[in-house]
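Observations on the three-dimensional arrangement
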Amino acid sequence: MIQPLQMNPAQAVTKLLETAKPQQQATPAEMTNSFGQYLEQALNSVDAQEKEVHKLNDKYMIGQVDVSQVLIASEKAELSLQLTSQIRNKVIDAYQEIMRMQV
């Protein structure tokens, strides 16, 4: 989830706007599908970081990498997991708030 940004924020926004459809043309089903794909990519990214930590840990045990590389990868993975957990908590809170609304 936490990835190094290869471009400045203005370039990232421009690229996002170029690939995004205007909201007038997007149907609710398309928007839901797009959001679902975004969540899937984010979770896959967190999983990939966890797997990378395990690989680096194994390489450290046989002396191929430095301990600092293992620690940095571990901290990145931990921060990504914490961020994912906090986002999940906020989504659950929002859902519960919506369910409490009276129509």
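To keep things clear, this report deals only with the structure shown in the data block. Sequence positions are assigned chain by chain, starting from 1 and proceeding in written order. Restriction of local features to residues with pLDDT of at least 70 applies here, the model being predicted, together with a cutoff of 80 or more for giving and counting side-chain atom pairs; totals for whole chains, interfaces and linings are based on all residues. As a rule here, side-chain values cover all heavy atoms of the structure and leave hydrogens and water aside.

Think of a ball as big as a water molecule: rolled over the atoms, this probe shows where empty space is left. With a 1 Å grid spanning the protein atoms alone, the term cavity applies to any set of points in which a 1.4 Å probe fits but cannot get out, the term pocket to an open set with protein on both sides within 12 Å along at least five of seven lines, and the term lining residue to any residue with an atom within 4 Å of a point. Grid points are joined across faces, edges and corners, and a volume is the space filled by probe spheres set on the points. Of the voids in this model, the second largest pocket is the one considered here, and its volume is about 240 Å³. What lines the second largest pocket is a set of eleven residues, among which Leu39, Thr84, Ile87, Arg88 and Val91 lie closest to the centre. Working definition: helices are DSSP H or I runs of at least four residues, strands are E runs of at least two. Numbering for both runs from the N terminus. Of all elements in the fold, only helix H2 (28-61) and helix H3 (67-100) reach the threshold of two or more residues within the lining of the second largest pocket. Its residues assigned to classes, the lining of the second largest pocket comprises nine nonpolar, one polar and one charged. Polarity classes work like this: nonpolar for Ala, Val, Leu, Ile, Met, Phe, Trp, Tyr, Cys and Pro, charged for Asp, Glu, Lys and Arg, and polar for all others, with Gly in that last group.

Given a helix with a known number of residues, its expected span is that number minus one, times 1.5 Å. Between its first and last C-alpha, H3 extends 49 Å over 34 residues, near the 50 Å set by a 1.5 Å rise per residue. Buried within H3 are the following residues: Val70, Ala73, Ala77, Ser80 and Thr84. Note on exposure labels: buried denotes an accessible area under 20% of the residue type's maximum, exposed denotes more than 50%, and partly exposed covers the range between, all computed with a 1.4 Å probe on protein chains only.

Here we come to the nonpolar core. Take the buried Ala, Val, Leu, Ile, Met, Phe, Trp, Tyr and Cys residues and link them wherever side-chain atoms come within 4.5 Å; each set so joined is a nonpolar core. Among the nonpolar cores identified, the biggest contains six residues, and these are Val53, Leu56, Val65, Val70, Ala73 and Ala77. Among the elements that make up this core, the one with the highest residue count is H3 (three residues). Should any heavy atoms of two residues lie within 4.5 Å, those residues are counted as being in contact. In this structure alanine 73 touches Val53 and Leu56, once residues within four positions along its chain are discounted.

One speaks of a salt bridge when a side-chain nitrogen belonging to Lys or Arg is within 4 Å of a carboxyl oxygen belonging to Asp or Glu. As enumerated under the stated definition, the model contains two salt bridges in all. Residue lysine 51 is joined to aspartate 47 by a salt bridge in which the shortest nitrogen-to-oxygen separation is 3.2 Å. Pair noted here: lysine 51 and aspartate 47 are both in helix H2, with a separation of four residues, about one helical turn. A relative accessible area of 49% places lysine 51 in the partly exposed class.

Let us now look at H2. Compared with the 50 Å implied by 1.5 Å per residue over 34 residues, the 50 Å span of H2 between its first and last C-alpha is a close match. Within the span of H2, buried status applies to Ala42, Ser45, Val46, Gln49, Val53 and Leu56. On its buried face, H2 is in contact with H3. Just beyond H2, the residue with positive phi is glycine 63, at close to 85°.

Let's shift gears to a nonpolar patch on the surface. Note on patches: the residues involved have over 30% relative accessible area and no salt bridge, like charges join within 9 Å, and the nonpolar side chains Val, Leu, Ile, Met, Phe, Trp and Tyr join within 5 Å. All accessible areas in this document rest on Shrake-Rupley with a 1.4 Å probe, and a residue is counted as covered only by the protein chains that are shown. A contiguous nonpolar patch, built from Tyr60, Met61, Ile62, Val67 and Leu71 and spanning about 530 Å² of accessible area, is present on the exposed surface. The set of elements that each furnish at least two residues to the nonpolar patch consists of H2 and H3. With respect to the helices and strands, the residue tyrosine 60 is situated in helix H2.

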